[in-house]
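# What the coordinates show
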Amino acid sequence: MRRARRRVDQAMRGRVHWLVILLLLFFAVPASAGPMTRNVEFVLPRIGQRGTTVDIRIQGVSLNDPKEVVFYSPGIRAVELRMAPEPPPRRSLIHGAWVDQEIRCRFVISPDCRPGEHVFRVRTATELTNIGTFHVSPFRVIDEAESQSYENDSIDKAQRVSINTTVRGTLRSWARGDRDIYRVTGNAGQRLSVEVDSARIANSHYGDSEFDVALRILDSGGRVLAADDDNSIHVQDPVASVRLPRDSDYLVEVSRSVFAPRDTRYCVHIGDNARPRAVFPPGGPVGTRQKVKLIGDPLGEVETEILIPKSRGKFGHFVGGPSSVPVQASPFPNLIEHVKAEVTPVPEIPVALNGIIDSATDSDSWLLTVNKALPYRVRVSASSLGSPIDIAIRIRPVLDDGSLGEVELQKDDSTVSSHDILGTGFRGRGGMPEAIDPSVIWIPKRGGPYRLDVIDSSGLGGPTGVYRIEVEPQPRTLHTYLASRTNDWTESMRVSGLVIPRGNRWTINLSLSTGQASWPKDDFELIAKGLPKGVRLVPSRIRRLTTLWPVQFEADEGSIPSGTTITLAARSVKTGQEYPVGCQQNVPFINHSGGDAWRTVRMDRYVLAVTEPAPFTIDIDPPSVALVRGGELAIPVRITRHGDFKGPVQFRCGFAPRSITIPPPATISPGETEGVLQLAAQSNAPLETLPLVVLGSTIHEKIPDYLGAGHVRVSSKIVPLSVAQPYVELTASPDSIRRGEAKDFVWTIRHHTPFEGAATASLLGLPKGVEVIGPAPKFTSKSKQVIFPLKATDVALLGQVTNLNCEVRVPVDGKTIVQRTGRGVLRIDPTLKKPETARPQ
Amino acid sequence: MTAHVKTKITSLTLLFLGHLMLVSARDARAEDHSSVSFRRDVMPVFFRAGCNSGTCHGAARGKDGFHLSLFGYDPKGDYFRITQQMIGRRVNVAVPEQSLLLKKAIGAVAHSGGKRFAKDSEYYRTVLRWIAAGAPDGQADLPEVVGLELSEERFVFDGDLTKEKGATKTDDPHLGSLPFRGRGGEVLRVFALHSDGSRRDVTSLARFHSNNASVVSIDENGLVSPTGPGDTNVFARFSRFTIGAEAIVLPPTEEFQWPDPPATNFIDKLVFDRLQKLRIAPSALCEDETFLRRVTLDLAGRPPTPDEYSAFMADRNANKRSRKIDELLADDTFADLWTSLWGEQLRIKGGNYAPVGTHIKAADTFYGWIRTQLRNDRPLNEFVSEMVTASGSNLINGPSNLYTMLVHAPRFRPKPFAADFSQLFLGIQIQCAECHNHPFDRWTMDDYYGFVSFFAGMDRKPGVESRERRIYYDISAPPVRHIVDQRPMPAKTLGAIKPVDHNGDPRRALADWLTSPDNEMFSRNLANRIWAQLMGRGIIEPVDDIRVSNPPTNGPLLKALSKRLVESKFSLRSLTRDICNSRVYQLSSQPNTSNRLDTRQFSHARLRRLRADVLMDSVVTVSGVPRNFAGFPEGTRAIDVYPRVAGDTVGPHFGDSFFEVFGRASRATICACETKKEPTLSQALHMMVGNTVQDRLHAAGRIQQIAQSSESPEAALERLFILALCRKPTVSESKQLMALIGEDSKDIAIWQDIFWSLLNSTEFAFNH
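Predicted, not measured: the structure shown is a model, and the values here were computed from it.

## Considering the overall build of chain A
Looking only at helices and strands, chain A features two helices and 67 strands. Taken over the C-alpha atoms alone, chain A extends approximately 130 × 90 × 75 Å along its principal axes. Every one of the 841 residues in chain A was classed for burial, and the buried ones make up 55%. Taking the intrachain contacts of chain A between residues at least 6 apart in sequence as the baseline, contacts between residues at least 24 apart amount to 71%.

## Structural notes on the sheet that holds strand E3 (residues 186–187) of chain B
Residues and elements named next belong to chain B. Taken together, three strands build an open sheet; the order of strands is E3-E8-E7 and the sheet is antiparallel. Edge positions in the sheet fall to E3 and strand E7 (216–218), since each has one partner strand and no second. Pairing analysis gives three bridges linking E7 to strand E8 (residues 223–226), with the strands arranged antiparallel. Following the sheet pairing, Ser217 is matched in E8 by Ser225.

## Observations concerning unusual backbone geometry
A cis amide bond links Leu44 of chain A with the next residue in sequence, Pro45 of chain A, at an omega value of -5°. Considering the arrangement of structural elements, one finds Pro45 of chain A in the loop between strand E1 (40–44) and strand E2 (47–49). Phi at Asp420 of chain A is positive, roughly 65°, even though this residue is not glycine. Tracing the sequence through the fold places Asp420 of chain A in the loop between strand E33 (409–411) and strand E34 (439–442). Positive phi values are uncommon outside glycine, yet Gln486 of chain B reaches one of about 60°. One can find Gln486 of chain B in the loop between strand E14 (469–473) and helix H17 (507–514).

## What about the sheet that holds strand E13 (residues 458–462) of chain B?
Residues and elements named next belong to chain B. Spatial ordering of the open sheet is given by E12-E14-E13, a layout of three strands whose pairing is antiparallel. Sheet topology places strand E12 (392–393) and E13 at the edges, where each strand pairs with a single neighbour. Across two bridges, the pairing between E12 and E14 is antiparallel. In the strand pairing of E14, Ser393 is matched with Arg470.

## Observations concerning the nonpolar core
With 152 residues, the main nonpolar core has Trp342, Phe421, Phe455 and Trp531 of chain B as its most contacted residues. Residues Leu677, Val723, Val770 and Leu790 of chain A belong to the second largest nonpolar core, which totals 56 residues.

## Examining the packing of aromatic side chains
Two aromatic rings, taken as a pair, are described by how far apart their centres are and by the angle between their planes. Residue and element names in this part refer to chain B. In total, this model carries 42 aromatic pairs over all chains according to the counting rule given. Measuring from centroid to centroid gives 5.4 Å for Tyr367 and Tyr642, while their planes differ by 35°, and the two rings are tilted. Taken together, the residues Tyr367 in helix H12 (residues 360–375) and Tyr642 in the loop between helix H21 (612–623) and strand E16 (644–645) connect sequence positions 275 residues apart. Using a relative accessible area of 1% as the deciding quantity, one classes Tyr642 as buried. Between Phe632 and Tyr642, the aromatic rings sit 5.5 Å apart at their centres with planes inclined by 85°, giving edge-to-face as the arrangement. With a gap of ten residues between them, Phe632 in the loop between H21 and E16 and Tyr642 in the loop between H21 and E16 connect regions that are remote in the sequence. We note that Phe632, like Tyr642, is buried. Taken together, the aromatic side chains of Trp342, Trp369, Phe383, Tyr403, Phe412, Phe417, Phe421, Phe425, Phe451, Phe454, Phe455 and Trp513 make up a single cluster linked through ring pairs.

## Quick look at the pattern of salt bridges
One pass over the full model with this rule turns up 105 salt bridges over all chains. Where Arg183 of chain A meets Asp249 of chain A, a salt bridge forms, and the shortest distance between an N and an O atom there is 3.3 Å. Of this pair, Arg183 of chain A sits in strand E14 (residues 179–186) while Asp249 of chain A sits in strand E19 (residues 248–256), placing them 66 residues apart in sequence. Residue Arg183 of chain A shares its accessibility class with Asp249 of chain A, and that shared class is buried. Of the charged contacts, one joins Arg727 of chain B and Glu733 of chain B as a salt bridge, the two residues approaching to 2.8 Å between their closest N and O atoms.

## Describing the interface of chain B and chain A
Interfaces are often sized by the amount of accessible area the parts lose when they come together. Contacts between chain B and chain A engage 42 residues on the former and 51 residues on the latter. Here chain B and chain A share an interface that buries about 3500 Å² over both sides, 54% of which is from carbon and sulfur atoms. For the pair chain B and chain A, the number of links is seven salt bridges. Among the ionic pairs, Asp212 of chain A bridges to Lys361 of chain B, the shortest N-O distance being 2.7 Å. Counting the contacts that link chain B with chain A gives 13 residue pairs in polar contact (both at pLDDT 80 or more).

## Some details on the environment of Val770 of chain A
Residue and element names in this part refer to chain A. Within the fold, Val770 resides in strand E63 (residues 770–772). A residue is classified by how much of its surface remains accessible, and Val770, at 6% relative accessible area, is buried. C-alpha separation for the pair Val770 and Ile737, spaced 33 residues apart in sequence, amounts to 9.0 Å.

## As for helix H27 (residues 731–741) of chain B
All names here are of chain B. What H27 keeps buried is the set Ser734, Leu737, Met738 and Ile741. The buried residues of H27 all sit within an arc of 105° when viewed along its axis, so they share a single face. Facing away from the buried surface of H27 by more than 90 degrees, the exposed residues are Lys735, Gln736, Ala739 and Leu740. The elements touched by buried residues of H27 are helix H26 (713–725) and helix H28 (748–759). Two residues or fewer past H27, Gly742 is found with a positive phi of approximately 60°.

## Topic: the confidence of the model for chain B
Residues and elements named next belong to chain B. Overall, the prediction assigns chain B a mean pLDDT of 88, with 91% of residues at 70 or greater. Segment residues 1–33 is flagged for pLDDT under 50; beyond a separation of four residues in sequence, or across chains, it makes 39 contacts in the model. Within the model, pLDDT remains below 50 along residues 176–180, and this stretch shows 19 contacts once partners closer than five positions in the same chain are excluded.

## Re helix H11 (residues 332–345) of chain B
Residue and element names in this part refer to chain B. Its 14 residues place the ends of H11 20 Å apart at the C-alpha level, agreeing with the 20 Å of an ideal helix rising 1.5 Å per residue. Counting buried positions over the 14 residues of H11 gives twelve, a clear majority of the element. Three or more residues of H11 are buried, namely Thr333, Phe334, Ala335, Asp336, Leu337, Trp338, Thr339, Ser340, Leu341, Trp342, Gly343 and Glu344. A positive backbone phi angle near 60° is found at Arg347, which sits one or two residues after H11.

## Overview of the state of the cysteines
Residues and elements named next belong to chain B. If you walk through the whole model with that rule in mind, you get one disulfide over all chains. Here Cys671 connects covalently by a disulfide to Cys673, the sulfurs 2.2 Å from one another. Since a negative S-S torsion denotes a left-handed disulfide, the Cys671-Cys673 link at about 130° is right-handed.

## Quick word on the confidence of the model for chain A
Here chain A averages 91 in pLDDT, and 94% of its residues register 70 or above. Segment residues 1–33 of chain A is flagged for pLDDT under 50; beyond a separation of four residues in sequence, or across chains, it makes 36 contacts in the model.

Cut-offs used in this document
- Residues numbered from 1 in each chain as written.
- Chains lettered and ligands numbered in written order.
- Predicted model: local features only at pLDDT ≥ 70, side-chain atom pairs only at ≥ 80, totals over all residues.
- Heavy atoms only, no water.
- Helix = DSSP H or I, 4+ residues; strand = E, 2+ residues; numbered from the N terminus.
- Buried < 20%, exposed > 50% of the residue type's maximum accessible area, 1.4 Å probe, protein only.
- Contact = heavy atoms within 4.5 Å.
- Pairing = 2+ DSSP bridges.
- Core = buried A, V, L, I, M, F, W, Y, C linked by side-chain atoms within 4.5 Å.
- Phe/Tyr/Trp six-rings, centres within 6.5 Å; stacked < 30°, edge-to-face > 60°.
- Salt bridge = Lys/Arg side-chain N within 4 Å of Asp/Glu carboxyl O.
- Buried area = accessible area lost by both parts, 1.4 Å probe.
- Polar contact = N/O pair within 3.5 Å; in protein donor to acceptor, adjacent residues only side chain to side chain.
- Arc of directions from axis to C-beta.
- pLDDT = per-residue confidence, 0-100.
- Expected span 1.5 Å × (residues − 1).
- Disulfide = S-S within 2.5 Å.

Okay, structure coming up:
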């Protein structure tokens, strides 16, 4: 009996093992194929106190010879960059990348450095890396002391810390689920504010709920005073603040929201700082001092005055803690809701309307007066201000009798691109709270009064349910952005990096958009602001409505290798008027299987780096002839090798609209210096002059070219490429041929562009068993026809072919222009039966 | 020439003029046959004859090319199909006897349904008269049927053959002055009540059925005949109404003696009243050991520990059972067990890739919210109300997950949601009324579509991060439309005449109505479910199929429990305390002669196989070896486990193979039947040879410790029995097992075998 039991038992265990293996495989393999290698994978530690110097390790691949850390925002300086004496043991990461190099340096954090996230890139001798992030705390930073399993998991073994401390901790992968408890001493009436950074400091490109943590504040007896998991301010990262009831010890517990047996680094800020949840009004006119109330702090509301920046947009207002409250700066006046009135009249537009949906049953109404058919942009900020509500708007005309007409506009959510957040093709909305704020262009059907109703579709409301609605005539704005479109939107420096080897040039394709604004009136050219000495942006005229354009930078031989942040402006080619344009790059972090990003690191400027000279330059000459519709054009590509560089060079076309077909990257072999770029124009390609540029790259044996790390790249000059009408157009009537028959197939020539000499034609698309007899026919610009003598064998494929066409080689200026033309039909028939003859007698 | 002959000639003349002919003929006859109405007179004939039943022409696509609305929910459509669809064939107003309707019904021509009534029947004459009258539609102002009445509310038959039919009173004081019959049959007469206040005998047009033919049968004329002792209900159906009467067949009085047990509370009084009426004697009070195990399993989801056993058995206080109940109710485990039950009913499942908003995080948020409410003894009406009105982020606002979890589907669909909502919170299944009025209950299509409209604007939209969905009510969404005539059906509570007033989102009004102390449907449903959880069977069973034709086995008891729940401000703990303190709950499972066959009246404790999760936790508790569940931290109890899957959550999921074998709900549907209570062979095999018991025999050293640290083999045996079964071994058991242990009492293998046997005993797997 016992043996039988054991056998069944073993069999069942075997099944379980297979299930476990399958389950592990499911979790281990990312949905998208291919490695997603990046230079920078880990930055450790993740946080430091301002006014201190922190030893930093930056781990990844291809980090040789680090020169500089370039931050997007001021306050941190990196010094003493060097490679680690011993590289870290190579380890593979879930998204197919790996780590085998480490940079050591020190971050010198200024005392006035802004708390929170700081984004940077590392400039090495030859590369500019993808972004890394580092965080700054206003508090003393210590490490969690948990040397043994579950050491600080109980109240009696909580780690004691002092108020105003940031603890760098780790929730470990232990089977019971780790939780970390910290003990602080507080006084009655004192504020205890706790914030956790976990998702926001995650280094991970790929992950899931292991970064989601929860927070509780307990009294010394374990009674819960406050708890938080997700919230409207920091999304997945919890925040809680309480007024302490008595002089006593208190406990701060950090645990996982969802059990996941993986190590998760976090920082918990434990302070007595104010932690308001909202500012009201949540914005003001640019460049002014605005009186506001800070709402939601456990010690009560506070009135204060804040300085609104001079530039439009959102900014963070800090009140002593590790994070800020978002506030909006607008270039027009504020209007505050009349709390006791059913409707608040709006005296003028543009305007910023400010209100609070303070209960589940509350809704606000505003009375606007608008012009018929004039487009207005109505943009709501609520979730994006950290407000817990989910605003929906409804606009109805007020009729002559004072009643309300039919709903003319109703909007709940909008795409993030409607909020001018661009280049975010990744799914899951990337943790951007604008995703649930409506923003819309509204064109009133009539002039006069309208009522704008504001409701909270989540049905919650509350004292911190602030919102702000900017109503203005549709503005004219231009945004530029760098978008990486590789697997799971891994940031690719080939696609979006601004790295110019000294004495060379580099070209990137810059995306252009107006978001919800309208386009500039005229064609324009871009101007770079903040370029280092010796670097210039090659001017080019950009037509309005252009959405992608190659932008080229050149660095003089004498330019000094360095990295810097730059912004762009635009200048009208017609009026010479200069105006600012937005610059943004939005990089997703914590991508889930299938590409859902948890959060997005958002940058509002670009980093450009001049690196050491590249070992080669690449050149093309402006084509002397046009690329004709339906035709091909071979562009010779030359590289000039410098020093003793003999390695292979990969080249590709750097920019091409959809109507131009470009070949895949080709390689110029070691020691060789020439290649050919074969372009083809579709038959409907627009007749225009395009920028043509060729990019050259060294080859890395382990890292694919599309990801960028480990490669040195340069660009040719941008040359004009014209797309023109074809030289000739051939047409043919449908014809037929029988097996065993010889017959001429005639094409009629229609001349578009004269040429000298004789062109040659080849017939393409013939089926098996049918062939042209004799040499390819020639014709001149005077010829009317091209005739192909055909012969069909006895085994020629029967039936009709409809895709016959001609490849025409036209001699122009000593070059041969290849074009394809025509669409012929040929039917192959069987041999006719011979008539029966009389039998021999 | 008589008027009749004249009109006949007129009709024949116009025979080939189609519709005009019919109208003319109808007009011509209106005077003579104005009393014959299609809706009032003819449709009941179709109903009585079964023509419009689901197996005949009432099927979704009709039968043999002829479609009638099921049980006549669409008179207008039926009239059209009979008179207009095949003009001159189904009804022939010129020669009424030649109407196919009649010829098929009497079997004069081939008819798949056979002969439905005789040519000389009242039904034939009614239809003939109607056709002869020009087949008129019923007048719009005809009074509607608004209800039914029965000639009797209750039949009591005495199983004693010495009783004669026709006696007018029982001699049983507990049956009072109820009409009392002997062994003979009695006719149940049915009366239709009309909107104009009139009353009509429709016995000949009604249909009848018995809920238990082995107690009483009822024939097509309403003749009720006893067939065996017991209690059941007989029903009559007419128009859209069903009405029932109780039928009791008393067993013989010989050898029955009412033991007159003391009543602890209202529950005992009502149950014992009923038992005494039915001549069923309740079992004796169960022993302390049995009570301790029963109540610990029921309230804590695990067996008592040896320490708890010792403390309880040593307690000499007369109120120790009551104190134990209070102790268990005060523990969070009670709330955790009920969290598990609610989680099952609310179909909580979490996936790691859940595009429909059911990510593990959302499931955790919902689960955690429920647990907090129950630990705080939140009134159940408030608990439900908050879910019903919830909106917002499914990751932040736990109760909003009602709208992602209750029906796992890529998109929110109001109809299935409304059906599941009703089934869960009211115990009422309204989905039948989507296509026709409910055949066995009072719910009409108007009720159904009005109720669905509460959710017409519900929707889910993506949130800020990938796992998040925002639940909201789109106030611009129109109400759903009636499937028959496309009328917009504004949100209306079940049984109400007028739609609710609301501000765009009608859910507040729904929640107010649903959870109101005055809404007995809600409190009754909750009380019945709580009762069923503790007693193993609902007073209405199944608990999620409450309808007129499925009445409570003890109506006063259910009413009292429902009232008590309301009085206690919907406190789960309060009602549970009442039930557990009742003598009825504490009765022995050992039946006596009179209650051996009783399965409905709670005369003895019901043997209940442990729920899958409770069984697993029981094994873990007694063995001291934890069981890990995929996706949960080590040490998680089975009752805290809900299905977590790698992928989406739309399909059925059990969360663990053990749960599947032991019948935990897959949460694929809302049906209470998803939780399987029956023991199966695979369960027995799993316990015998599966890893659940096997892995725990050798691990943790508990058996070894017991065997080696006990003073004697007898003491070790006693500790093992107490650990596994919460009782000491009987003398017989002890004797037999000591013989097995023999001299070598330190041989662990023998103790493991004994422990294995205990865990494989029916006694361990059942609450008794």
